[in-house]
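Residues per chain, in single letters:
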Amino acid sequence: MSQTSVRLAVIPARAPWRLVASSQFHTRSSPLLFRLSFPQVSNNPAFRRRRAAYGAVGTVLAVSGFAWTAQTGNVEVHEDPCDRRALTTVPMTKLISGWIAFAFCSSPTWVDASETLYNIVSQIPILSSIANAFIMRTFFNQFLGGETTSECIPKIEALRREEVGTLLGYNIEAELDGSDKRRELIHAQTEHVLSSIETQGRLARKFWPDSTTTSGDNRCWVRIKVTGLVPSPVALYHGSNAILSERSARGLDKDVPYPGLPHDGDWEAALSGVSTKDREELLALRAIMEKIATKARENNVRIVIDAEQTWYQPLIDSLTDELMQKYNTLDGPATCIGSFQAYLRRYPQLLDQQIRRAEEKGYKLLFKQVRGAYMVTEAARWKREGRQGLGPVWPTVEETHASYNYGIQRTISTIAEQIKNNEHLKIGAVFATHNSISIDLAIKLMEQNGMAKRIDDGKRLVLSNEIAGSIAFAQLYGNGTFLTLECSL
Ligand SMILES: Cc1cc2nc3c(=O)[nH]c(=O)nc-3n(C[C@H](O)[C@H](O)[C@H](O)COP(=O)(O)OP(=O)(O)OC[C@H]3O[C@@H](n4cnc5c(N)ncnc54)[C@H](O)[C@@H]3O)c2cc1C
């Protein structure tokens, strides 16, 4: 995931507008979203060890991005008065801890050594407590919401005061080596997800008691990583392979790059094409996902299912597709948000197919559009497996940008068309990015399509309720804070 924050230091110039809540359109929301993540907590010593490991991984994510940027010598920083204004709202202590975190991140040597160093220091009494306190106050505080859902609440409330919604995520996914996790860990993970849904539900009732004007959305969401909910991610891999074999046998996806598109029958193909042990794991996963979706529906909280590595994705696509069909109604609640990675060469075809599919089947298509975080491991696996031809990811960043832009254009034109036809909106998107050029493009298109209009001499942008409930922008907590704060002013 080394690309997660590659462009944190690149701050292109932006147009001087703001997104604003508008009484004219009775809009109470800002179409903005933040993600807070928090690692697991438990008294079990094994859990504590894992917590350290996940914490370290979380730190490296931010770190490697900076390292990569520094190595390419590609850092462009444009001074923008908007950034300065937005950052004046950030408390000094937060600015200092953020500066320490990002200064550390800019050294590849420190980044490479960080996990080993942490492991050594955490064995030494007293020093380990000092190191822990330092990490909690700097890296952890910069990038994560808290260690428990209740610890996250002050941050969620502070963001909400800035008119920023939250996507609360529990930080755990498949082990990088694909090895098994213990069942108790899965159980604990599921309980944390359910408890974060309850927390977000309670906060939503307080912040946003009536969400009818924004298509039922209250911007209190929860994020889920499917690989964090199975003891053995290999079951997802085998299920995905079974889906691909079945599609190939049916002659589907001949012109679609790997890993293809979701189709009817995928879930059944996964269950019938794997071993009994894998089947049990997949059925248990389905039961967990249904439990989570039901809890989310009861609490009027949306769940966002993250996109992960392509070798798990056919199974994740299939589950997401099944849940969207079941839990996303057109004129009632819509609970499940899928995630689409624009860096995959399949993406333009996927988006077109998903829009068509939702239209034909009569459910609401909700998705988060990201560029994609697993570029390096995708390329490495493709090579290791000796596969021929282009890998799943676009060969150049320009093609990824074009694919992301296509997603923005296609989404906004589809929504514009549905508004023109006086239809219920059948699609909702979250553009998750720290790239201000992408955000500018989306807003320009919204304006051109009459979904947003400027006030205050062009400094503010007013959205209709319908749009505020259908298009959002998202950043990871602690990354691109200037973007989030600016957009929410
Ligand atoms: C709220 C939020 C949720 C997210 N959820 C997910 C998720 O569910 N799944 C997921 O995979 N990621 C997720 N991400 C991470 C995301 O995919 C990106 O890795 C990250 O946001 C950086 O992309 P950008 O658009 O912000 O920045 P940019 O700097 O504009 O783009 C960087 C991205 O461009 C792509 N890229 C860079 N170089 C090349 C190249 N040579 N060829 C092809 N493509 C290239 C990579 O995808 C890289 O991450 C999420 C990000 C956010 C903000």
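Criteria and thresholds
Residues numbered from 1 in each chain as written. Predicted model: local features only at pLDDT ≥ 70, side-chain atom pairs only at ≥ 80, totals over all residues. UniProt positions renumbered as here; feature names shortened; annotations may be inferred. Helix = DSSP H or I, 4+ residues; strand = E, 2+ residues; numbered from the N terminus. Buried ≥ 20, exposed ≤ 12 C-beta atoms within 10 Å, placed from the backbone. Contact = placed C-beta atoms within 7 Å. Axes fitted to C-alpha atoms, helices over the stretch in contact; angles between N-to-C directions. Parallel < 35°, antiparallel > 145°, perpendicular 65-115°, else oblique. Left-handed = near helix turned anticlockwise from the far one by under 90°. Nonpolar A, V, L, I, M, F, W, Y, C, P; charged D, E, K, R; others polar. Core = buried A, V, L, I, M, F, W, Y, C linked by C-beta atoms within 7 Å. Pairing = 2+ DSSP bridges. Right-handed = clockwise from strand over helix to strand, strands pointing away.

- Per an unreviewed UniProt entry, the chain is named Proline dehydrogenase, and its organism is Emericella nidulans.
- Taken from UniProt, the Cofactor (unreviewed entry) comment for the chain reads in full: "FAD".
- Check the Sequence similarities (unreviewed entry) section of the UniProt entry for the chain; it says "Belongs to the proline oxidase family."

## A closer look at the overall build of the chain
- Secondary structure assignment for the chain yields 17 helices and 11 strands.
- Per-residue burial over the chain gives 49% buried out of 489 residues.
- Counting only contacts in the chain whose residues sit at least 6 apart along the sequence, the fraction spanning at least 24 positions is 80%.

## Quick look at the packing of helix α12 (residues 347-361) against helix α14 (residues 397-420)
- Contact pair α12 / α14: the axes reach a minimum separation of 9 Å and the direction vectors enclose 20°. Relative to α14, α12 is oriented roughly parallel. Crossing of α12 against α14: the hand is right-handed. Of the residues in α14, those in contact with Tyr-347, Pro-348, Leu-351 and Ile-355 of α12 are Ser-403, Tyr-406, Gly-407, Arg-410 and Thr-414.
- A breakdown of the residues in the contact of α12 with α14 according to their chemical character gives 5 nonpolar, 3 polar and 1 charged.

## A short note on the packing of helix α10 (residues 276-299) against helix α11 (residues 313-327)
- Closest axis-to-axis distance for the α10/α11 pair is 11 Å, and the angle between their directions is 35°. Here the hand of the crossing between α10 and α11 comes out right-handed. Taken together, the residues of α11 that come into contact with α10 (itself represented by Arg-286, Met-289, Ala-293 and Arg-297) are Leu-319, Leu-323 and Tyr-327.
- Residues that form the contact of α10 with α11 fall into these classes: 5 nonpolar, no polar and 2 charged.

## As for the nonpolar core
- By size, the foremost hydrophobic cluster in this structure holds 95 residues, and its most contacted members are Val-222, Ile-303, Cys-336 and Met-446.
- Residue contributions to this core peak at 7 residues, all from α10.
- With near-sequence residues (within four places) excluded, Cys-336 lies in contact with Ala-293, Ile-303, Ile-305, Thr-320, Leu-323, Met-324, Tyr-327, Asn-328 and Leu-366.

## What about unusual backbone geometry?
- The omega angle of the peptide bond from Tyr-258 to Pro-259 is 10°, so this bond is cis rather than trans.
- With respect to the helices and strands, the residue Pro-259 is situated in the loop between α8 (234-249) and α9 (266-272).
- The backbone of Asp-253 sits at a positive phi, close to 60°, despite the residue not being glycine.
- With respect to the helices, strands and loops of the structure, Asp-253 is situated in the loop between α8 and α9.
- Look at Asp-456: it is not a glycine, yet its phi comes out positive at around 50°.

## Some remarks on the environment of Ile-467
- Counting through the fold element by element, Ile-467 comes out in helix α16 (residues 465-468).
- Given 26 C-beta atoms within 10 Å, Ile-467 falls into the buried group.
- Taking C-alpha positions, Ile-467 is 9.3 Å from Ser-215, a pair spaced 252 residues apart along the chain.
- Discounting residues that sit within four places of it in the chain, Ile-467 has contacts with Met-446, Met-451 and Ala-452.

## A look at the pairing of strand β6 (residues 336-341)
- The element β6 is extensively covered by neighbouring structure, given that 6 of its 6 residues are classed as buried.
- Here β6 shows no split at all, with Cys-336, Gly-338 and Phe-340 on one side and Ile-337, Ser-339 and Gln-341 on the other all buried.
- Where strand β5 (residues 302-305) and β6 come together, 2 bridges link them in parallel fashion. Paired with Ile-303 across the two strands is Cys-336, which belongs to β6.
- Handedness of the crossover joining β5 and β6 through α11 is recorded here as right-handed.
- One ladder, built from 4 bridges, connects β6 with strand β7 (residues 365-370); its direction is parallel. Each bridged residue has a counterpart across the sheet, and for Gln-341 the counterpart in β7 is Val-370.
- Note that the unit made of β6, α12 and β7 has a crossover that is right-handed.

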